[in-house]
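# Per-entry structural report
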Amino acid sequence: MSFKHLIAALLLAGSAADAGNLLPRDGWAVHETAKPYAQLIKDVKAAAKAEGLGVVTQAGPTKAAAARGIHIPGNRVIGLFNNDFAVKILALSTAAMIEAPVRIYVTEEADGSATLAYKLPSHVFAPYTDEGGDALETLAIQLDRHFAHIAERAIN
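Since this is a predicted model, take the numbers as computed values, not measurements.

## Comments concerning the packing of helix α4 (residues 83-92) against helix α6 (residues 129-155)
Relative placement of two packed helices is described by the angle separating their axes and the distance separating the axes. Remark: α4 packs on α6, axes separated minimally by 9 Å, with the N-to-C direction vectors making an angle of 155°. Considered as vectors, α4 and α6 are oriented roughly antiparallel to each other. In this structure, the crossing between α4 and α6 has a hand that is left-handed. Counting all contacts with α4, which are made through Phe 85, Lys 88, Ile 89 and Leu 92, the residues of α6 involved are Glu 131, Gly 132, Ala 135, Leu 136, Leu 139, Gln 142, Leu 143 and His 146. Here the residues of the contact of α4 with α6 sort into 7 nonpolar, 3 polar and 2 charged.

## Focus on the pattern of salt bridges
Applying the stated criterion across every chain, the model contains 3 salt bridges. Its salt-bridge partner being Lys 35, residue Asp 43 comes within 2.3 Å of it at the nearest N-O pair. The exposure classification of Asp 43 matches that of Lys 35, with both residues buried. For Lys 88, the salt bridge identified is with Asp 84, shortest N-O distance 3.2 Å. Of this pair, Lys 88 and Asp 84 both sit in helix α4, separated by 4 residues, roughly a single helical turn. Its relative accessible area of 39% is what places Lys 88 among the partly exposed residues.

## Description of the pairing of strand β5 (residues 113-119)
Of all the 7 residues making up β5, 6 are buried; the element is thus mostly covered by neighbouring parts of the structure. Where strand β4 (residues 102-108) and β5 come together, 5 bridges link them in antiparallel fashion. Bridging across to β5, Thr 107 finds its partner in Thr 115. Between β4 and β5, which pair antiparallel and follow one another directly, the connecting turn spans 4 residues, one of which, Gly 112, has a positive phi of 95°.

## What about the sheet that holds strand β1 (residues 28-36)?
Across the sheet, which stays open at both edges, the 5 strands sit in the order β1-β5-β4-β3-β2 with antiparallel pairing between neighbours. Among the strands making up the open sheet, the edge pair consists of β1 and β2 (54-59). Geometrically, the sheet is characterised by an average inter-axis angle of 25° between neighbouring strands, direction not taken into account.

## Topic: the environment of Ala 126
With respect to the helices and strands, the residue Ala 126 is situated in the loop between α5 (121-125) and α6. Judged by relative accessible area, Ala 126 falls into the partly exposed class, the value being 38%. Remark: the alpha-carbon pair of Ala 126 and Glu 137, spanning 11 residues in sequence, is separated by 7.2 Å.

## A closer look at the layout of surface pockets
In this model, the second largest pocket occupies a volume close to 180 Å³. Lining of the second largest pocket is provided by Trp 28, Val 77, Glu 99, Val 102, Arg 103, Ile 104, Tyr 105, Ala 117, Tyr 118, Lys 119 and Val 124. Elements with a minimum of two residues in the lining of the second largest pocket: β4 and β5. Grouping the constituent residues of the lining of the second largest pocket by class yields 8 nonpolar, no polar and 3 charged.

## Observations regarding the side chain of Asp 43
Residue position: Asp 43 is located in helix α2 (residues 37-50). Residue class for Asp 43 comes out buried when judged on its relative accessible area of 18%. If sequence neighbours within four positions are ignored, Asp 43 has contacts with Lys 35 and Ala 154.

Rules behind the numbers
Residues numbered from 1 in each chain as written. Predicted model: local features only at pLDDT ≥ 70, side-chain atom pairs only at ≥ 80, totals over all residues. Heavy atoms only, no water. Axes fitted to C-alpha atoms, helices over the stretch in contact; angles between N-to-C directions. Helix = DSSP H or I, 4+ residues; strand = E, 2+ residues; numbered from the N terminus. Parallel < 35°, antiparallel > 145°, perpendicular 65-115°, else oblique. Left-handed = near helix turned anticlockwise from the far one by under 90°. Contact = heavy atoms within 4.5 Å. Nonpolar A, V, L, I, M, F, W, Y, C, P; charged D, E, K, R; others polar. Salt bridge = Lys/Arg side-chain N within 4 Å of Asp/Glu carboxyl O. Buried < 20%, exposed > 50% of the residue type's maximum accessible area, 1.4 Å probe, protein only. Pairing = 2+ DSSP bridges. 1 Å grid on protein atoms, 1.4 Å probe; cavity = no way out; pocket = protein on both sides within 12 Å on 5 of 7 lines; lining within 4 Å. Points joined across faces, edges and corners; volume = space filled by probe spheres on them.

Quick look at the structure:
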């Protein structure tokens, strides 16, 4: 590893550690758990399936960083959706589909536990209610309930 890459890795590692736990914020649900990171990811996937939502995407920088010699805490974004919601939302607002899939974020904490967080679907789709009206708002609230149930199942 070159000196330049070593300095970059040290700066990145320091900033990841300094960033700290996710904090509650407007339009988000944040659930700290005692579960290990890998277990929480498995439990989110199982809970999503039980709620009728599929894992559409997954992304995280942890393994790629490790391959570069940089250690960062576990970090995974899991996109969840289903075709029924997609078809209904598309009928109301083509632009709103840019927000699909709706994502759940699993982060590893310094003590080995993990946090589950997500933006409320009603918050995510709110900018499109001028187009999609009450019907889009109703679908987003239904998704809020699905995501709350997923979180409840995954963290318990």
